[in-house]
There are 2 protein chains.
Amino acid sequence: MKIAIDVMGGDFAPQELIAGAKNYLQNDGEANLILVGDEKVIRELWVDIPDKCEIYHTDEVVEMGEHPLHALRKKKNASVAVCARLVKQAKADGFISAGSTGAQMAASLLELGKITGIERPAISVMLPTAGESGVLLLDVGANVDVRPSHLVEFALMGSAYYEKICGVEKPKIGLMNIGEEEAKGNELTKTAYGLLKDSSLNFVGNVEADHLFQGKANVVVCDGFVGNVLLKTSEGLSELIQGAIFKTAMSLGEETLLQLKKSIKRFNPSSPEYSAAPLLGVNGVSLVCHGKSKAPVITNAIKLAVNCAKSNYVDLITKELTQNQK
Amino acid sequence: MKIAIDVMGGDFAPQELIAGAKNYLQNDGEANLILVGDEKVIRELWVDIPDKCEIYHTDEVVEMGEHPLHALRKKKNASVAVCARLVKQAKADGFISAGSTGAQMAASLLELGKITGIERPAISVMLPTAGESGVLLLDVGANVDVRPSHLVEFALMGSAYYEKICGVEKPKIGLMNIGEEEAKGNELTKTAYGLLKDSSLNFVGNVEADHLFQGKANVVVCDGFVGNVLLKTSEGLSELIQGAIFKTAMSLGEETLLQLKKSIKRFNPSSPEYSAAPLLGVNGVSLVCHGKSKAPVITNAIKLAVNCAKSNYVDLITKELTQNQK
């Protein structure tokens, strides 16, 4: 098992990417790693690289402001493109990147291609709930204008992923909507409701955003605009509330602060437990990390990549697609 | 100044509606009140009703499950319809309801009508920010499928409202989007960006959902589907985080719990500070309260209704519309 890491992408690259990889191996991580990036820089930051970790040298990188497709055309060996290519060539079993999401999507599509039958790959994130298990939300930004049939695709992909990664058979699928009744919503969701009801999936109906966190459904689908707004609302509000609480808790003593931090850490979608967002629908494991990811998040993302590669959810997506077309 | 209160609508009606009205008058509320509902029930719950409060008897009410328009056609004297009619007839200066939002919208449209030039009235809510002032978000549910020009309408209405209620001249207007750059977003927001840039408004560009709470803009516009998801995400996540914190804080002692409660109370959009959602675009003051509203929220909603009626934002909306058409 080998996981490729784009060490050149992200707000804290390459330091935090390398630190995350180091943590992973020092804590008995089972997979071998391929660090994709500038060898000289990598060796400066990590002098005693173990055997389980190899370097694939490239000094090209897609910068945050660049147009993904233009950049990838010019930079054939951009770190993110190399990562995707390693997966394509079966030299790696999956890859993670914290660089430009657009570039990672483009590189994944160009190198890995789409799973046969999938029209629109989607970015999925695991969100915390009041219960033990998380809820998988997709799409959170890959597709801003979608048709009802795309929401069914998202549901099929999410269902297969959740089943394989969380070990839940026939996961409960919900449709993000602004009311519980079938007739509620906009044109998109009203039509999608009927399609999901008629699908082979375990569709449990509409889910309102305030009920999302109660875990009524395992997987919830929406268009990428709505999903992105939902995800960023969660991030922004979590930070706001945490800030206010910690300010008060500081005056109440260090122990209070620590305990409170611990109690709500898992509710921020950008915390390590929710480390990476699988790009579902491309023909291989491609995990999107937040640009702000630091070492603990990267370590967890590597673990998730290993689980993803082992689970072979890509095959299950193909199987679910066939079943649904019957 | 007279405010009409639909005491029959809401999860805790009529008790909490009446308790809220009582609180308002007992704390030297300046306006006179008209309680619209079943006189017998009202008198049982409030035996010594003061002179500043009159009762308008009706025993008809639109139930939560009913189709708003069908219900209003059958029940000419539904409490919410009576409230809107009192405003129309200038017997009240504004009204509040915690009943079915759909019924309140329909009653407001039927009785008050739209402001000339407004095609789509919108529900607006004030959300908390890290700073002192809130951010007004609209639409949060009245219009699920909109055209770019409707977002400009929302911006005009929101600008006029914010200027009058928060005393900020030329409020900063933002467009809810999934990226900061002009070219980001879906078809709706890309077109709306150009229209807003060319408008007479103080447009500050795209606002991402995680920056919403930082207060970069005073007013942020989006379609009602996105706005509703954003609002409910905030509610759901606030409750989830508060629950986790209070559970930990309880074991740390009552004083800790109290202080923490105080520090984050204002971040839940359904807290009293953010008591009611003005329905902008109808020709009169119509404030939507959450169905779960209890007495403190109702008291604050009455205060907000008084401010709204005094401010005469309805006239400013008309003026802004004319200016923008020049």
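Up top is the structure these notes are about.
What you see is a predicted model, and the numbers here were worked out from it, not measured in a lab. (Residues numbered from 1 in each chain as written. Chains lettered and ligands numbered in written order. Predicted model: local features only at pLDDT ≥ 70, side-chain atom pairs only at ≥ 80, totals over all residues. Heavy atoms only, no water.)

Chemist: Please clarify how the relation of the copies chain A and chain B should be interpreted in this entry.
Modeler: Between the two copies of this chain, the relationship is a rotation about some axis together with a displacement along it. Expressed as a screw transformation, the operator carrying chain A onto chain B has a rotation angle of 180 degrees and an axial translation of 0.0 Å, and the superposed copies differ by an RMSD of 0.0 Å. On the angle and the small slide along the axis, the relation comes out as a two-fold axis. Take the interface residues of chain A: 100% of them recur as interface residues in chain B, which is what a same-surface contact looks like. (Least-squares fit on C-alpha atoms with pLDDT ≥ 70 in both. Contact = heavy atoms within 4.5 Å.)

Chemist: Help me understand the packing of aromatic side chains, please; the structure alone is not making it clear to me.
Modeler: The geometry of an aromatic ring pair is captured by the separation of the ring centres together with the interplanar angle, meaning the angle of the planes. Overall, the coordinates contain 4 aromatic pairs over all chains when judged by the stated rule. Geometrically, the ring pair formed by Tyr161 of chain A and Tyr313 of chain A is edge-to-face, given 5.1 Å between the ring centres and 75 degrees between the ring planes. Residue Tyr161 of chain A is found in helix 6 (residues 148-166), and its partner Tyr313 of chain A is found in helix 12 (residues 313-325); the two are separated by 152 residues along the sequence. Comparing Tyr161 of chain A with Tyr313 of chain A, the two get one shared label, buried. Look at Tyr193 of chain B and Phe203 of chain B: their rings are 5.1 Å apart centre to centre, the planes differ by 80 degrees, and that puts the pair in the edge-to-face class. One end of the pair, Tyr193 of chain B, is in helix 7 (residues 187-197); the other, Phe203 of chain B, is in strand 8 (residues 202-207), with 10 residues separating them in the sequence. Here Tyr193 of chain B matches Phe203 of chain B in class, with each residue buried. (Phe/Tyr/Trp six-rings, centres within 6.5 Å; stacked < 30°, edge-to-face > 60°. Helix = DSSP H or I, 4+ residues; strand = E, 2+ residues; numbered from the N terminus. Buried < 20%, exposed > 50% of the residue type's maximum accessible area, 1.4 Å probe, protein only.)

Chemist: What's the story with the sheet that holds strand 11 (residues 286-289) of chain B in this structure? I'm lost.
Modeler: Pairing between the strands of a sheet is mediated by backbone hydrogen bonds and can be parallel or antiparallel. All names here are of chain B. An order of 3-2-1-4-11-10-5-6-9-7-8 is seen for the 11 strands of this open sheet, with the pairing classed as mixed. Of all strands in the sheet, those with a lone pairing partner are strand 3 (53-57) and strand 8, marking the two edges. In this sheet, adjacent strand axes meet at a mean angle of 25 degrees when their direction is disregarded. Both strand 7 (residues 172-176) and strand 9 (residues 219-221) contribute to a ladder of 3 bridges, which runs parallel. (Pairing = 2+ DSSP bridges. Axes fitted to C-alpha atoms, helices over the stretch in contact; angles between N-to-C directions.)

Chemist: Can you walk me through the pattern of salt bridges in this structure?
Modeler: Evaluation of the coordinates by the stated rule reveals 24 salt bridges over all chains. Here Lys292 of chain A and Glu239 of chain A are joined by a salt bridge, their closest N and O atoms 3.8 Å apart. Taken together, the residues Lys292 of chain A in the loop between strand 11 (286-289) and helix 11 (295-311) and Glu239 of chain A in helix 9 (residues 224-251) connect sequence positions 53 residues apart. Judged by its relative accessible area of 41%, Lys292 of chain A is partly exposed. On the accessibility criterion, Glu239 of chain A (39% relative accessible area) is partly exposed. Of the charged contacts in the structure, one is a salt bridge between Glu181 of chain B and Lys184 of chain B, with a shortest N-O distance of 3.6 Å. (Salt bridge = Lys/Arg side-chain N within 4 Å of Asp/Glu carboxyl O.)

Chemist: When you look at the interface of chain A and chain B in this model, what are you seeing that I'm missing?
Modeler: Each partner contributes residues to the interface: chain A has 41 residues there, and chain B has 41 residues. Linking chain A with chain B are 2 salt bridges, by the criterion used here. Note that Glu208 of chain B is salt-bridged to Lys232 of chain A, the shortest N-O span being 2.3 Å. Where chain A touches chain B, the interface holds 8 residue pairs in polar contact (both at pLDDT 80 or more). (Polar contact = N/O pair within 3.5 Å; in protein donor to acceptor, adjacent residues only side chain to side chain.)

Chemist: Sorry, what's going on with the side chain of Thr129 of chain A here?
Modeler: Residues and elements named next belong to chain A. In this structure, Thr129 sits in the loop between strand 5 (122-127) and strand 6 (135-138). A polar contact of 3.1 Å, which involves the side chain of Thr129, links it to the backbone nitrogen of Gly131. Among the polar contacts listed, one links the side chain of Thr129 to the backbone oxygen of Ser133, at a separation of 2.6 Å.

Chemist: Mind showing me how you'd approach the environment of Gly174 of chain A here?
Modeler: Residues and elements named next belong to chain A. Residue placement: Gly174 occurs in strand 7 (residues 172-176). Note on Gly174: relative accessible area 0%, which makes it buried. Spatially, the C-alpha atoms of Gly174 and Asn218 are 7.6 Å apart, while their sequence positions differ by 44 residues. Once residues lying within four places of it in the same chain are set aside, the contact partners of Gly174 are Phe203, Val204, Gly205, Val207, Ala217, Val219, Val220 and Val221.

Chemist: Help me out: how do you make sense of unusual backbone geometry in this one?
Modeler: Residues apart from glycine generally show negative phi values, whereas peptide bonds are mostly found in trans. Residue and element names in this part refer to chain A. Put simply, Ala13 and Pro14 share a cis peptide bond, and its omega is -5 degrees. Along the chain, Pro14 turns up in the loop between strand 1 (2-6) and helix 1 (15-26). Here the bond from Leu138 into Asp139 is cis, since omega is 5 degrees, no more than 30 degrees from zero. Here Asp139 lies in the loop between strand 6 and helix 6. Notably, Lys170 is not glycine yet its phi reads approximately 45 degrees, a positive angle. The residue Lys170 is located in the loop between helix 6 and strand 7 in this model. In this structure Lys170 comes out as partly exposed when scored by relative accessible area, which is 43%. In this structure, Asn312 takes a positive phi of about 55 degrees despite not being glycine. Looking at the secondary structure, you find Asn312 in the loop between helix 11 and helix 12.

Chemist: Sorry if this is basic, but what is going on with the sheet that holds strand 4 (residues 94-97) of chain A here?
Modeler: Residue and element names in this part refer to chain A. Pairing in this open sheet of 11 strands is mixed, and the strands run 3-2-1-4-11-10-5-6-9-7-8 from one edge to the other. Looking at strand neighbours, the two that pair on one side only are strand 3 (53-57) and strand 8 (202-207), the edges of this open sheet. Between one strand and the next, the sheet's axes are offset by a mean angle of 25 degrees, whatever the strand orientation. Where strand 5 and strand 10 (residues 276-280) come together, 2 bridges link them in antiparallel fashion. Residue pairing in the sheet places Ala122 in a bridge with Leu280 of strand 10. Along the sheet face, helix 5 (residues 101-111) touches strand 4, strand 5, strand 10 and strand 11 and points at about 175 degrees away from the line of strand 11.

Chemist: I tried to follow the packing of helix 6 of chain A against helix 12 of chain A on my own but got confused; where do I start?
Modeler: Each pair of packed helices can be summarised by the angle the axes make with each other and by the distance between the axes. Residue and element names in this part refer to chain A. The N-to-C vectors of helix 6 and helix 12 enclose an angle of 135 degrees; their axes lie 9 Å apart at closest approach. One finds that helix 6 runs oblique with respect to helix 12. Between helix 6 and helix 12 the crossing geometry is right-handed. Facing Val152, Leu156, Met157, Ser159, Ala160, Tyr161, Glu163 and Lys164 of helix 6, the residues of helix 12 in contact are Tyr313, Leu316, Ile317, Glu320, Leu321 and Asn324. (Parallel < 35°, antiparallel > 145°, perpendicular 65-115°, else oblique. Left-handed = near helix turned anticlockwise from the far one by under 90°.)

Chemist: How should I be thinking about the environment of Glu169 of chain B in this particular structure?
Modeler: Locating Glu169 of chain B in the fold gives a position in the loop between helix 6 (148-166) and strand 7. Sequence separation between Glu169 of chain B and Ser100 of chain B is 69 residues, and the spatial gap between their C-alpha atoms is 34 Å.

Chemist: Hey, could you run me through helix 9 of chain A in this one?
Modeler: Structurally, the α-helix is built with 3.6 residues per turn, so residues lying three or four positions apart point the same way. All names here are of chain A. Helix length check: helix 9, at 28 residues, gives a terminal C-alpha distance of 41 Å against a target of 40 Å (1.5 Å per residue), a fit within 8%. Burial runs high along helix 9: 23 of the 28 residues are buried. Where helix 9 begins, the capping side chain belongs to Asp223, and its oxygen is found 2.8 Å from the backbone nitrogen of Phe225. Looking one or two places after helix 9, you find Gly253, whose phi comes out positive at around 110 degrees. (Expected span 1.5 Å × (residues − 1).)

Treat this as a map of the structure, not an account of what it does.
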